[in-house]
Amino acid sequence: MLFYLKNSFFFLKIVTPKRLSNIIKILTSYLFSKWFGRNLQWGFPLAVAVEPTTACNLQCPECPSGLKKFTRNTGNIKPEIFKKVVDEVYKQSLYLTFYFQGEPYIHPQFLEMVSYAASKNIYTTTSTNAHFIDSETAKKTVLSGLHRIIISIDGTTQEVYEQYRKGGSLEKVLEGTKNILYWKKKMNRIYPLVYFQFLVVKPNEHQIDEIKKIAQKIGVNKILFKTAQLYQFQNGNPLMPENEKFSRYQKTIQGTYQLKNKLSNHCWKLWHSCVITWDGNVVPCCFDKDATHVMGSIANGTLEKIWQSHTYNRFRNQLLHSRKEIDICKNCSEGTSIWA
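Below: a short report on this structure.

1. With respect to the pattern of salt bridges
Thinking step 1. For the structure on display, the rule yields 3 salt bridges.
Thinking step 2. Here Arg165 makes a salt bridge to Asp154, at a shortest N to O gap of 2.5 Å. In this pair, Arg165 is assigned in the loop between helix H7 (158–164) and helix H8 (170–186) and Asp154 in the loop between strand S4 (148–152) and H7, connecting sequence segments 11 residues apart.
Thinking step 3. Exposure remark for Arg165: the relative accessible area of 13% places this residue in the buried category.
Thinking step 4. Here Glu242 and Lys202 are joined by a salt bridge, their closest N and O atoms 3.6 Å apart. Placement of Glu242 in the loop between strand S6 (222–227) and strand S7 (249–251) and of Lys202 in the loop between strand S5 (193–200) and helix H9 (208–218) is noted, with a sequence separation of 40 residues between them.

Okay, structure coming up:
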């Protein structure tokens, strides 16, 4: 109970009058746009995702970073670009995610960037495969001010885990998790909250109950079950789970598969959040993994101008009228993922 009270107090603390005003603007903009089918945008992003790097140590089969299949350039974000973003967004934004593609801990200044963002009283979170979290790195992570860390753990045995996390070590994942929890306890810290994320695919769906037991035994704060985005799904896919509850796709009477999401002509993401790639390009959401829809560049302007630009507003209007025709929306699970 004390944990939830302290966590609730933190969120009340970060909702400053300026941020509260922005929340109201974003909500009303989105609702009016949805109801009237015409783009209105009065606010500023509530949530911003920044990509520390596109590099990754694993070769996951449905990940363009792991498969090295990007057509865009790869690299690490420059600290000066990152600071420019934080300095612009922190007064109105609530939430900053250190993740898009790649493994964040590969960036040599990752935790220094976290500390800078956390010092601005903005909620910080990241997602990691936990292969680089030795004891010293875990200690620095806790001291950085990071508020939440999501650790991908897609199996309870090495044999199953490595079927998706190719090149990965379950032992390192568990060790990294325990290191974070050890230093949290030693320094009497609430943060970062430690979440397990279990990407449910056919090879591991029989281990769902087992991962719940492991999470409880280790003492993580929460476990998330996530559905997998599959690039080839129409005729089935070896990774597609049999339990449709954990699938983004459903079987048709013709025997093929289709996305569960009906792709209605509205999307909350386009009104409250954006993604900034390592080289400063702004893209509409995390489904644009290859940055094919660049709204503008932080290197050449401000996020506020990009957010309100003709390019961004034209994209929102297109979504409001014919979302099914936008390529990055055609495999979108917004509203169908299982988070438990």
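From this point, the discussion proceeds with the structure in view.
2. Here's the deal with the pairing of strand S9 (residues 273–276)
Thinking step 1. Residues of S9 alternate between two faces, with Ser273 and Val275 on one and Cys274 and Ile276 on the opposite face, all of them buried.
Thinking step 2. In terms of strand pairing, strand S1 (residues 47–50) meets S9 through 4 bridges, oriented parallel. When the bridges of S9 are listed, Ala49 appears paired with Val275.
Thinking step 3. Where S9 lies against strand S10 (residues 281–283), 2 bridges are found, and the strand directions are antiparallel. Along S10, the bridge assignment pairs Ile276 with Val282.
Thinking step 4. In this structure, the hairpin formed by S9 and S10 is closed by a connection of 4 residues, where Gly280 is found at a positive phi of approximately 95 degrees.

3. Examining unusual backbone geometry
Thinking step 1. In this structure, Pro192 follows Tyr191 across a cis peptide bond, with omega equal to 5 degrees.
Thinking step 2. Here Pro192 lies in the loop between H8 and S5.
Thinking step 3. With phi around 60 degrees, Asn121 is a residue other than glycine that occupies positive phi space.
Thinking step 4. Residue position: Asn121 is located in the loop between helix H5 (110–118) and strand S3 (123–128).

4. Topic: empty space enclosed by the protein
Thinking step 1. Summed over all chains, the structure comprises 1 cavity of 30 Å³ or more.
Thinking step 2. Size it by volume and the largest cavity reaches roughly 60 Å³.
Thinking step 3. Considering the residues around the largest cavity, the lining is formed by Cys267, Lys269, Leu270, Cys285, Phe287, Leu319, Arg323, Ile328, Cys329 and Cys332.

5. Concerning a nonpolar patch on the surface
Thinking step 1. On the surface, Leu31, Phe32, Trp35, Phe36 and Trp42 cluster together into a nonpolar patch covering about 580 Å² of accessible area.
Thinking step 2. Position of Trp35 relative to the elements: it lies in helix H2 (residues 17–36).
Thinking step 3. Exposure remark for Trp35: the relative accessible area of 58% places this residue in the exposed category.

Rules of the game
Residues numbered from 1 in each chain as written. Predicted model: local features only at pLDDT ≥ 70, side-chain atom pairs only at ≥ 80, totals over all residues. Heavy atoms only, no water. Salt bridge = Lys/Arg side-chain N within 4 Å of Asp/Glu carboxyl O. Helix = DSSP H or I, 4+ residues; strand = E, 2+ residues; numbered from the N terminus. Buried < 20%, exposed > 50% of the residue type's maximum accessible area, 1.4 Å probe, protein only. Pairing = 2+ DSSP bridges. 1 Å grid on protein atoms, 1.4 Å probe; cavity = no way out; pocket = protein on both sides within 12 Å on 5 of 7 lines; lining within 4 Å. Points joined across faces, edges and corners; volume = space filled by probe spheres on them. Patch = residues over 30% accessible without salt bridge, like charges linked within 9 Å, V, L, I, M, F, W, Y side chains within 5 Å. Areas by Shrake-Rupley, 256 points an atom, 1.4 Å probe, with all protein chains shown as cover.

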